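Reading the structure
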Amino acid sequence: MPAHHPAGPQLLRGPLTAVLVTGPSMAPTLRHGDAVLVRRGGRPVRPGDVVVAVFRSRPGLLVVKRAVRPEDGGWWLRGDNDLVTDDSRAYGVADVHGRVLVRYWPRPGRLRPRPL
């Protein structure tokens, strides 16, 4: 699921950044139009975390996905919607730029890691 942010796919700036989710690949966890806060830094990414990343094969595309496992110095990512395959199954390893902490609009709530 692409993520829209004014800074584009460059590294997120500041410790907290707002990102708008687009597309269906993270449904039902996140839906098209959800606004989330992303934290750069902090604790290391763990399997099950929802992250903002850039696939190495698609460097111009910022995405929101779930971290599955570390691989080749990056992360293997999957969407929560198994019917949409715009994740590591199609694009390979990604570099994570931040962890999604909360959805603040339209249904505020903390995002929890999901067992894989």
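Residues numbered from 1 in each chain as written. Predicted model: local features only at pLDDT ≥ 70, side-chain atom pairs only at ≥ 80, totals over all residues. Heavy atoms only, no water.

1. So, the nonpolar core
- Among the nonpolar cores identified, the biggest contains 14 residues, and L30, V36, V38, V50, V52, V64 and V100 are the most heavily contacted of them.
- Among the secondary structure elements, those contributing two or more residues to this core are β2 (16-21), β3 (35-39), β4 (50-55) and β5 (62-71).
- With three residues, β4 is the largest single contributor of residues to this core.
- Aside from chain neighbours lying at most four places away, what touches V36 is T17, A18, V19, V21, L30, V100, V102, R103 and Y104.
- With eight residues, the next largest nonpolar core counts A53, V63, W75 and A94 among its residues. (Core = buried A, V, L, I, M, F, W, Y, C linked by side-chain atoms within 4.5 Å. Buried < 20%, exposed > 50% of the residue type's maximum accessible area, 1.4 Å probe, protein only. Helix = DSSP H or I, 4+ residues; strand = E, 2+ residues; numbered from the N terminus. Contact = heavy atoms within 4.5 Å.)

2. As for the pattern of salt bridges
- Considering all chains together, one arrives at 10 salt bridges under this definition.
- Between D80 and R66 there is a salt bridge, and its shortest N-O distance comes to 2.7 Å. Pair noted here: D80 is in the loop between β6 (74-78) and α1 (88-91) and R66 is in strand β5, with a separation of 14 residues, a long-range link.
- Here R66 falls in the buried class, since its relative accessible area comes to 2%.
- Of the charged contacts, one joins R69 and E71 as a salt bridge, the two residues approaching to 3.1 Å between their closest N and O atoms.
- For R69, a relative accessible area of 37% corresponds to the partly exposed category.
- Within the structure, one salt-bridge network assembled from shared partners comprises R78, D82, D87 and R89. (Salt bridge = Lys/Arg side-chain N within 4 Å of Asp/Glu carboxyl O.)

3. Observations concerning the packing of aromatic side chains
- A complete count under the given rule lists one aromatic pair for this structure.
- Ring geometry for F55 against Y91: centres 5.4 Å apart, planes inclined by 45°, an arrangement best described as tilted. Placement of the pair is F55 in strand β4 and Y91 in helix α1, with a sequence separation of 36 residues.
- Here F55 falls in the buried class, since its relative accessible area comes to 0%.
- A relative accessible area of 25% places Y91 in the partly exposed class. (Phe/Tyr/Trp six-rings, centres within 6.5 Å; stacked < 30°, edge-to-face > 60°.)

4. Some details on the environment of V84
- Among the structural elements, V84 can be located in the loop between β6 and α1.
- Through-space distance from the C-alpha of V84 to that of A27 is 9.7 Å; in sequence the pair is 57 residues apart.
- When sequence neighbours within four positions are dropped, the list of residues in contact with V84 reads P24, S25 and R89.

5. Describing the pairing of strand β7 (residues 94-105)
- Sheet topology note: the β3/β7 ladder contains five bridges and is antiparallel. If you follow L37 over to β7, its bridge partner there is V102.
- Where β4 and β7 come together, five bridges link them in antiparallel fashion. The residue of β7 that forms the bridge with F55 is A94.
- Pairing of β7 with strand β8 (residues 109-110) involves two bridges; the strand directions are antiparallel. Of the residues in β8, the one forming a bridge with V102 is R110. (Pairing = 2+ DSSP bridges.)

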